[in-house]
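Structural features, examined
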Amino acid sequence: MTLCGARECSVRSVLLMMFTYTISRSLCQAFTEVNRRAYPTLSPFFRTCPSTPPTRCGDTNDSVVTVAQLKSMLTSKNVQLFDVRRPDEFQAGHIPTAVNIPLDGLEVSLNLPSEKFEQTFHVKAPAKEDDNIVFSCRSGVRSGQALDIARHLGFSKARHLQGGYLEWEAEAKEKSS
């Protein structure tokens, strides 16, 4: 039995370390790619564990619609309004003409072929270049998340309702009193 010399052991250690590093990076990249491709399947889990605080402090004028702007869009029938709340919340009350697409299924729904989208939701499928896409929810948090998803998918002109359905209801109550 021969023992390796100090230099030979040192070279083997370095080679082993380089090999281990290369393998671990490759596995990490492969895992990341698989996870990225599987994201729509895992999206309900990740949506319930947000990595950012549930605020929309970074909203800009091109990403939000006020209740007054939405009313104007509804009057001119120039809006594709998607409510991203759960079906039970939607049934309890919603903005007229809104189409319910729950947040946990939004990414998959926006990726549907146009014909399938229209069969499923009974409205025209939104196009990526449309500037009249608006997302709403209860208070504006989930619609902000929906906006992030849509923008990631290429719907660069989509917007969300600031304050959500609560703001819509509050303004309706103000007008009636």
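All of the points below concern the structure found in this document. Here, residues in each chain are numbered from 1, in the same order as that chain's written sequence. With pLDDT at 70 or above as the cut-off, local features in this predicted model cover only qualifying residues; side-chain atom pairs require 80 or more to be listed or tallied, and sums for whole chains, interfaces and linings still use all residues. Hydrogens and water are ignored here; the side-chain numbers use all heavy atoms of the structure.

**Observations regarding the sheet that holds strand β2 (residues 80-83)**
Here the rule is simple: two strands pair whenever DSSP picks up at least two bridges between them. Secondary structure elements follow DSSP: runs of H or I of four or more residues count as helices, runs of E of two or more count as strands, with numbering from the N terminus. Sheet architecture is open: five strands sit in the order β1-β5-β4-β2-β3, paired in parallel fashion. Both edges of this open sheet fall to β1 (64-65) and β3 (99-100), since each of them pairs with a single strand only. Bridge analysis of β2 against strand β4 (residues 133-136) gives four bridges, and the strand direction is parallel. The residue of β4 that forms the bridge with L81 is V134.

**Some words on unusual backbone geometry**
The general pattern is negative phi for most residues beyond glycine and trans for most peptide bonds. In this structure, K77 takes a positive phi of about 55° despite not being glycine. By the element assignment, K77 lies in the loop between α2 (67-75) and β2. The exposure class of K77 is exposed, given its relative accessible area of 75%. Even without a glycine there, the phi angle at H122 is positive, about 60°. A residue is classified by how much of its surface remains accessible, and H122, at 68% relative accessible area, is exposed. Relative accessible area decides the class of each residue, using a 1.4 Å probe on protein chains only: under 20% of the type maximum gives buried, over 50% gives exposed, and in between gives partly exposed.

**Some thoughts on the pattern of salt bridges**
Definition used for salt bridges: Asp or Glu carboxyl oxygen within 4 Å of a side-chain nitrogen of Lys or Arg. On inspection of all chains with the given rule, the structure shows six salt bridges. Measuring nitrogen to oxygen at the nearest pair gives 3.1 Å for the salt bridge that ties D88 to R86. E89 is paired through a salt bridge with R142; the nearest N and O atoms lie 2.8 Å apart. Of this pair, E89 sits in helix α3 (residues 87-92) while R142 sits in helix α6 (residues 141-152), placing them 53 residues apart in sequence. Look at E89 and you get buried, because its relative accessible area is 15%. Within the structure, one salt-bridge network assembled from shared partners comprises R86, D88, E89 and R142.

**A closer look at the pairing of β4**
Where burial is concerned, the two faces of β4 agree: the one with I133 and F135 and the one with V134 and S136 are both buried. Direction of pairing for β4 relative to strand β5 (residues 159-161): parallel, over a ladder of two bridges. Bridging across to β5, V134 finds its partner in R159. Every crossover in which the path from the first strand over the helix to the second runs clockwise, viewed with the strands pointing away from the viewer, is termed right-handed. With α6 bridging β4 and the parallel β5, this β-α-β connection has right-handed handedness.

**Structural notes on the nonpolar core**
L106 and F135 are the most contacted members of the largest nonpolar core, which totals 20 residues. Where this core is concerned, the elements lending two or more residues are α4 (106-110), α5 (114-121), β4 and α6. Sequence-distant contacts of L106, defined by excluding residues within four places in its chain, comprise V84, I101, F135, A146 and I149. Membership of the second largest hydrophobic core comes to 14 residues, among which are V67, F90, Y165 and W168. For the purposes of this section, nonpolar cores are sets of buried Ala, Val, Leu, Ile, Met, Phe, Trp, Tyr and Cys residues that join through side-chain atoms within 4.5 Å. Contacts are assigned to residue pairs that have any heavy atoms within 4.5 Å of one another.

**Quick look at the pairing of β2**
In β2, alternate side chains face the same way, and those of Q80 and F82 on one face and L81 and D83 on the other are all buried. Bridge analysis of β2 against β3 gives two bridges, and the strand direction is parallel. Bridge pairing links F82 to V99 in β3. Traced from β2 through α3 to β3, the parallel crossover comes out right-handed.

**Describing the packing of aromatic side chains**
Note on aromatic pairs: the rings of Phe, Tyr and Trp (six-membered ring only in Trp) are paired at centre separations within 6.5 Å, and the planes decide the class, stacked below 30 degrees, edge-to-face beyond 60, tilted for the rest. A full pass over the atoms with the stated rule returns three aromatic pairs. The interplanar angle of 85° and the centroid separation of 6.1 Å between the aromatic rings of F82 and F117 together place this pair among those described as edge-to-face. Placement of the pair is F82 in strand β2 and F117 in helix α5, with a sequence separation of 35 residues. Relative accessible area serves as the criterion here: at 2%, F82 is assigned to the buried category. In this structure F117 comes out as buried when scored by relative accessible area, which is 1%. Judged by centre distance (4.8 Å) and plane angle (45°), the rings of F117 and F121 are tilted. Of this pair, F117 and F121 both sit in helix α5, four residues apart, which is roughly one turn of that helix. In textbook terms, an aromatic cluster arises when at least three aromatic residues are bridged by ring pairs, as seen for F82, F117, F121 and F135. One cation-aromatic arrangement involves K71 over W168; the distance from NZ or CZ to the ring centre is 5.5 Å. Here the basic side chain of R85 rests over the ring of Y165, its NZ or CZ set 4.9 Å away from the ring centre. Note on criteria: charge over ring means Lys NZ or Arg CZ within 6 Å of the ring centre, with the direction from the centre no more than 35 degrees off the ring normal.

Without other data, these values stay purely geometric and don't point to any function.
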